[in-house]
Structures are given as C-alpha cells and as structure tokens.
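Listed below, chain by chain, are the residues.
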Amino acid sequence: MMTRNLCSIAGCTHEAEEAGMCGMHFTAALVHGAFQYTATSRSHS
Ligand SMILES: [Zn+2]
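Residues numbered from 1 in each chain as written. Predicted model: local features only at pLDDT ≥ 70, side-chain atom pairs only at ≥ 80, totals over all residues.

### Some thoughts on the overall build of the protein chain
For step 1, the next point in the chain: Tallying secondary structure elements over the protein chain gives one helix and zero strands in all.
For step 2, the next point in the chain: The proportion of buried residues among the 45 residues of the protein chain is 7%.
For step 3, the next point in the chain: Counted over contacts in the protein chain with a minimum sequence separation of 6, partners at least 24 positions apart contribute 0%. (Helix = DSSP H or I, 4+ residues; strand = E, 2+ residues; numbered from the N terminus. Buried ≥ 20, exposed ≤ 12 C-beta atoms within 10 Å, placed from the backbone. Contact = placed C-beta atoms within 7 Å.)

### Observations concerning the environment of C12
For step 1, the next point in the chain: With respect to the helices and strands, the residue C12 is situated in the segment before α1 (23-32).
For step 2, the next point in the chain: Separated by ten residues in sequence, C12 and C22 place their C-alpha atoms 8.4 Å apart.
For step 3, the next point in the chain: The contact partners of C12, leaving out residues within four places of it in the chain, are C7, C22 and H25.

### Some points on unusual backbone geometry
For step 1, the next point in the chain: In this model, A19 sits at a positive phi of 50°, which is unusual for a non-glycine residue.
For step 2, the next point in the chain: Mapped onto the secondary structure, A19 falls in the segment before α1.

### Some thoughts on the environment of I9
For step 1, the next point in the chain: Here I9 shows up in the segment before α1.
For step 2, the next point in the chain: Residue I9 is classed as partly exposed on the basis of its 18 C-beta neighbours within 10 Å.
For step 3, the next point in the chain: Every residue in contact with I9, bar those within four places of it in the chain, is listed here: M21 and H25.

This is how it looks when you write it as structure tokens:
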C-alpha cells in the first residue's frame, strides 16, 4: 500500500496512527474527550 495517511488535524503533517490522527493529536483528543475541535470552549473549572 502506497497510501500515506496524514493526521487530519489542520496544519499537522505527522502520519496518522489512530482515528485519522497522529499519536499526539489522538491522545489530545482522548484527553479532551472529543474527536472534534469546536469553536465552543466552555470554561468549567
Ligand atoms: Zn497531528
């Protein structure tokens, strides 16, 4: 297979490992509890 999957996060050129994202962004998505980045950020602390 010559297909090279790149991280779906805009601006990221790392190779995708999980769920279409590189390891770094996949981990970040898990931490944030969502696989999408929304403009809505709730400050609940
Ligand atoms: Zn990435």
